[in-house]
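Breakdown of the fold
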Amino acid sequence: MAAYLCGITWFGLRFRGQPRSLRTYFLADKSISWWAIALSIVAAETSTLTVISIPGLAYESNLAFLQLVFGYLLARVIICAIFIPQYFRGEMFTAYELIERRFGPQLRSITAGLFLLTRAAAEGVRVVAISIVIGIALGQGEIISIAIITAMTLLYTFEGGLAAVIWTDVVQLCIYLAGTLVALGMLLHQVPGGWAGTHAIAAEKFRVFDFSLSLSTPYTFWAGIIGGTFLTMASHGTDQLMVQRLLAAKNERDSKKALLASGIAILFQFTLFLLVGIALFAHYRLPVANFGKADRIFPSFIVTGLPRGLAGLLVAAVLAAAMSNLSAALNSLSTSSMVDFYLRFRPLTSERLRMRLSRGLTIVWAVILFALALLSRRGGRVLELGLSIASVAYGAMLGVFLLGILTKRANARGALVGMICGLALNLFLWLAPGTTKEVTGLTVAWTWYVTLGTIVTFAIGYLASLGVEERLETNA
């Protein structure tokens, strides 16, 4: 673990002399190869939540989560068709510059501000997942461990900017995938009969498809294809954390290649994590309650079921996923804070001061995320909690972006009304599920949040725009 932490920090610091301008610091001077961006996209959407929660999910249920991944793949094709061409019309640093181009500066500030709030909240939940692994591995010192990992991630992100983030992502992806493959191999070795024995013991867990029409079940075919598509259109098409990587490509063609290639990698990755969960079930054959909660099952195996050395490698692999996601969040939060807010009011700031402020904002966000992680230590299954927080805002964000890209008659006032309505709906669904069930008779799973929020935002935003337009014509 110590060797990994020191090694990855040293590797990231090798990029410290490169950033001399915001273009270099935030976009890596648009010089990164498409395949590196593809791997970085996968690493950025993979946090400790994914590594520990997905095996736990398969242990508890089956392979139904893969239905959501099919939606992830479809969304990437749509993003390549309608979002990426818009982002490469002129040089842009953030996704929210596109909103200003279409609806003006006020709505840009609102969408960027919403990104900062929800990304910070969701990332706080992701960072706290580190404490689950460290707590099981070391038995104590979770808070100190989180602080050390946050500080080391901050160091190379602060010094090297997006270039350091992307290339450390590539290394970290290789580490945690290799570690997970080792874990799967060890599990199959320990289960009598290997793969055949695992399949015989956990045959019912290999079920992928559920064609039920229930809105309360999070992992059905329809929730996966529809909900997964809308979720990824929002996360990869409107969230600065992902859009920043797409903007760092050499050109539009490379950006599309990177996004599509990341889809193939993400399908392999989630399949691997789910198979680990099934192998864990075949190995333990115990109720989830024996471990406290499902998120603790894989970390428990790493510490108790692997020999020393290999256990350290696996813990390092989990930390690699955490650091890659954290560095991506720090860089994107700093970019949006600087470009979407500070430079709009101080556009004549010198390049030297811009760089100093950008690095300073990276430190500020590291402190904020650490504080949010401490506040988020109590919660349910951390993967679904993290995705739910992001999903609450994604519907409103995606609806506004689609209003700007797909319609000509939508205006800023109408888009704002639609955004408020979409956000209010998602907050209601998330915070008051009991009331939702009383009013509608339905319980809505988090996988539908983005879809419903987007539809409401788009429909009300468009109708409100038409109403504003008619009022102006009447007054004229």
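Everything discussed here concerns the structure shown above.
Heads up: these notes are all about the structure in this document. Keep in mind that this is a model prediction, so the values were computed, not measured. (Residues numbered from 1 in each chain as written. Predicted model: local features only at pLDDT ≥ 70, side-chain atom pairs only at ≥ 80, totals over all residues. Heavy atoms only, no water.)

1. Things to note about the overall build of the protein
Spelled out, the test is: Only DSSP runs of H or I reaching four residues or more are called helices, and only runs of E reaching two or more are called strands; each is numbered from the N terminus. This radius of gyration counts C-alpha atoms alone. The globule rule is 2.2 Å times how many residues there are, raised to the power 0.38. The buried label goes to any residue with under 20% of its type's maximum accessible area, the exposed label to any with over 50%, and the partly exposed label to all in between, with areas taken from a 1.4 Å probe on protein chains only. Only the protein chains shown count as cover for residues, with accessible areas throughout obtained via the Shrake-Rupley method and a probe of 1.4 Å. Note on charges: Lys and Arg go in the positive column, Asp and Glu in the negative column, and His and the chain ends are not counted at all. Working definition for charges: the position is that of NZ of Lys, CZ of Arg, CG of Asp or CD of Glu.
A count of helices and strands for the protein gives 20 helices and zero strands. Computed over the C-alpha atoms, the radius of gyration of the protein is 22 Å, within 12% of the 23 Å expected from 2.2 N^0.38 for a compact globule of 476 residues. Overall size of the protein, expressed as C-alpha extent along the three principal axes, is 80 × 60 × 40 Å. When burial is assessed residue by residue, the protein has 59% of its 476 residues classed as buried. For the protein, the exposed area adds up to about 18,200 Å²; of that, 65% sits on carbon and sulfur atoms. Considering the protein, the positive charge centre built from 37 side chains and the negative charge centre built from 23 side chains are found 5 Å apart.

2. Examining the packing of helix 3 (residues 34-44) against helix 13 (residues 252-284)
To keep it simple, the criterion reads: Here an axis means a line fitted to C-alpha atoms, over the contact stretch when the element is a helix, while the angle between two N-to-C directions is reported on a 0 to 180 degree scale. Here is the rule for angles: anything less than 35 degrees is roughly parallel, anything more than 145 is roughly antiparallel, 65 through 115 is roughly perpendicular, and the remaining ranges are oblique. Each crossing gets its handedness from the near helix: less than a right angle anticlockwise from the far helix is left-handed, clockwise is right-handed. By definition, residues are in contact when any of their heavy atoms lie within 4.5 Å. Gly counts as polar in this scheme, as do all residues outside two lists: the nonpolar Ala, Val, Leu, Ile, Met, Phe, Trp, Tyr, Cys and Pro, and the charged Asp, Glu, Lys and Arg.
Close contact between helix 3 and helix 13 brings their axes to 8 Å; oriented N to C, the two are set at 45°. Comparing their axes, helix 13 and helix 3 come out oblique. You can see that helix 3 and helix 13 cross each other, and the crossing is right-handed. Contacts between helix 3 and helix 13 involve Trp-34, Ile-37, Ala-38, Ile-41 and Val-42 from the former and Asp-254, Lys-257, Ala-258, Leu-259, Ala-261, Ser-262, Ala-265, Ile-266 and Gln-269 from the latter. Here the residues of the contact of helix 3 with helix 13 are counted per class, giving ten nonpolar, two polar and two charged.

3. Here we look at the packing of aromatic side chains
Formally: A pair of Phe, Tyr and Trp rings is counted when the ring centres sit within 6.5 Å of each other, with Trp represented by its six-membered ring. The angle between the planes then sorts it: under 30 degrees is stacked, over 60 is edge-to-face, the rest tilted.
Throughout the structure, instances matching the rule amount to 20 aromatic pairs. Here the aromatic rings of Tyr-59 and Phe-281 are separated by 5.5 Å at their centres, their planes lie at 75°, and the arrangement is edge-to-face. In this pair, Tyr-59 sits in helix 4 (residues 48-60) while Phe-281 sits in helix 13, placing the two residues 222 residues apart along the sequence. Of the two residues examined, Tyr-59 and Phe-281, each falls in the buried class. Taken together, the ring pairs connect Phe-65, Tyr-72, Tyr-219, Phe-270 and Trp-446 into an aromatic cluster.

From the geometry alone we can't say anything about function, so treat these as descriptive.
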